[in-house]
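Chain by chain, the residues:
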Amino acid sequence: MEILRLPSSVGIPGYSCSSRGQMNPSVMALKSSICVRSFHANEGRSLCLPGLRSYSMSGKQQGFCNSDDLEEVSLDWEEEAYDLQPPSGDEEAAEPVLSEVMDMEEVLTVEIFVDHPSYHRPGNPYGDKFGTFGDNQFRFTLLCHAACEAPLVLPLGGFTYGEKCLFLVNDWHASLVPILLAARYRPHGVYRDARCILIIHNLAHQGVEPAVTYENLGLPAEWYGALEWVFPTWARKHALDKGETVNPLKGAIVTADRVVTVSQGYAWEITTPEGGNGLDELLLSRKSVLSGITNGIDIDEWDPSSDEYISCNYSVDDLSGKVGCKTALQKELQFAIRADIPLIGFIGRLDYQKGIDLIRWAMPDLLQENIQFVMLGSGDEGTEEWMRETESAHKDKFRGWVGFSVAVSHRITAGCDILLMPSRFEPCGLNQLYAMRYGTVPVVHCTGGLRDTVENFDPFVDDGEDRGTGWAFSPLTKEAMLGTLRIAIETYRDHKASWERLMKRGMKRDSSWQNAAVQYEQIFEWALMDPPYVR
């Protein structure tokens, strides 16, 4: 059985880049498990995506197929170099295209790209600086239809995958795949042996659109109930709003063979009213097929012994370079170079989920301590301005870096003593994993993946040795966060031996994808043991 992994975003496995290492947001990528060679659209073999209606936006038709006619994607095989850069701005995208890039001897992955004019625009796969794209429902519907057709018609390595496939679909963007399998294919005897696993990275994003858009999805009318979603009265915009919408993520939860989240803690949280975003009862009903697997990190990119972005390399056996990284960061930030002062960092989006309001409320009290604090991030404009104002008023203790830089994030991760993550909810979280690998001790809110990955420091255990890799505070209040930070600051200053053991335990923690891969293989086996979803 072949595996077709359908991605949805940068930052999760499956989104593809060009051969030059730069993100190419003009194409949506499907990834599977075999590799062959590349081809481009011209003349020749055709791929039809039946039943996908045109999408109207501001009166202009942006559709792939209309309700009466079938549009064909023409494919022509060409063996040539891997170059998937988008066309220049003055070139017009022609027919929608599927292309793929493979090398069976060197790689174990095939990347199939779905090309369409709606994918050729500035920004990221979801939106731009003005917000999310208004035709996202159409754009990701097209992606899902292509995913279902590709294994049936594309000769990969000289043969098609056929119907016996395992689809991995990520979030709402790919959620139509299990619904299409159940509604359009299995009733006609196609994909009877296929399985579909839904991976939820953030339940807050569900792809909800007005109910009238259901006809754009290419689904039979009788399947409307699987996606039907009615907002409660208090959530409606006005008195005439009936709250009737379609929710593709809901439909995927109903029809997927297994549901996976990116941590065990988050798998539990989404079955509660507090964390379920309205889908808690449905998820609770599917608890028997719901699992949590903590994401891994790229241990080659995030390796303090070989990191090219930091001033001094170091390892768990030789921590001397950690001191050099802190000194270099203090110089860069124009702080006083003092090893006795804990340097605290925050890296992340400046939005409500990340608990930035808590940091703002706590900062006046925190700056009374003998500490240095650096923030890197962008997002909420009010917080960006607050960072500038706080830096101006407290130049000896606070620096705010508005924006994002990979190099700077590495230097902060390596140079800080403490990383603060007061997220309201965090499905998995990666920064705490990066921090521990670099000997930077995390202080996190006890939620989701943060609770799963950060073991609370305990200096008094039965065998006389301390344990833990950081601190997790609860509840989510300013007082709880400040109290935990003060314990961490005191431990750093007065208990150096305990602090070094904290650092080393975090650095020894295995955060590679190997552990996650073994767990995913088990999920695959379970999915294949049970019969596929049939209505």
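Quick look at the structure, then. Along each chain, residue indices are assigned from 1 in the same order as the chain's sequence is written. Reporting of local features is limited, given that this is a predicted model, to residues whose pLDDT is at least 70; pairs of side-chain atoms are given and counted only at 80 or more, and all residues count toward the totals for whole chains, interfaces and linings. Derived side-chain values reflect all non-hydrogen atoms in the structure, with water molecules and hydrogen atoms excluded from consideration.

1. A short note on the overall build of the protein
Using the following cut-off: In DSSP terms, a helix is any run of H or I states spanning at least four residues, a strand is any run of E spanning at least two, and both are numbered starting from the N terminus. The rule is simple: take the accessible area with a 1.4 Å probe, protein chains only, and divide by the maximum for that residue type; under 20% is buried, over 50% is exposed, in between is partly exposed. We call two residues contacting when some pair of their heavy atoms lies within 4.5 Å. All accessible areas in this document rest on Shrake-Rupley with a 1.4 Å probe, and a residue is counted as covered only by the protein chains that are shown.
A tally of regular secondary structure across the protein gives 15 helices and 25 strands. Split into buried and exposed, the 535 residues of the protein put 53% on the buried side. Considering only contacts within the protein whose residues lie at least 6 apart along the sequence, 72% involve residues at least 24 apart. Roughly 24,000 Å² of accessible area belongs to the protein as shown, and the carbon and sulfur atoms make up 49% of that amount.

2. Structural notes on the packing of helix H8 (residues 356-366) against helix H13 (residues 478-494)
Which entries qualify depends on this criterion: All axes here are fitted lines through C-alpha atoms, helices being fitted over the stretch that makes contact, and every angle between N-to-C directions spans 0 to 180 degrees. By the definition adopted for this analysis, an angle is roughly parallel if under 35 degrees, roughly antiparallel if over 145, roughly perpendicular if from 65 to 115, and oblique otherwise. Crossings are sorted by hand: turned counterclockwise from the far helix by less than a right angle, the near helix makes the crossing left-handed, and turned clockwise it makes it right-handed. Three classes are used, and their members are as follows: Ala, Val, Leu, Ile, Met, Phe, Trp, Tyr, Cys and Pro are nonpolar, Asp, Glu, Lys and Arg are charged, and the others, Gly among them, are polar.
With their axes 10 Å apart at the nearest point, H8 and H13 run at an angle of 50° to one another. The angle between H8 and H13 falls in the class oblique. Of the two elements, H8 crosses H13, and the hand of that crossing is right-handed. Counting all contacts with H8, which are made through Leu-358, Ile-359, Trp-361, Ala-362, Asp-365 and Leu-366, the residues of H13 involved are Lys-478, Met-481, Leu-482, Leu-485, Arg-486 and Ile-489. Counted by class, the contact of H8 with H13 contains nine nonpolar, no polar and three charged residues.

3. Observations regarding the side chain of Thr-484
Relative to the elements of secondary structure, Thr-484 occurs in helix H13. The residues touching Thr-484, leaving out its near neighbours within four places in the chain, are Val-443, Trp-471 and Phe-473.

4. Overview of a nonpolar patch on the surface
For clarity, the cut-off: Patches draw on residues past 30% relative accessible area with no salt bridge. Two like charges within 9 Å are joined, as are two nonpolar side chains (Val, Leu, Ile, Met, Phe, Trp, Tyr) within 5 Å. Take a side-chain nitrogen of Lys or Arg and a carboxyl oxygen of Asp or Glu: if they are within 4 Å of each other, that pair is a salt bridge.
A contiguous nonpolar patch, built from Tyr-309, Phe-404 and Val-406 and spanning about 310 Å² of accessible area, is present on the exposed surface. Here Val-406 is to be found in helix H10 (residues 406-415). When its relative accessible area of 37% is taken as the criterion, Val-406 is described as partly exposed.

In short, geometric facts, not functional conclusions.
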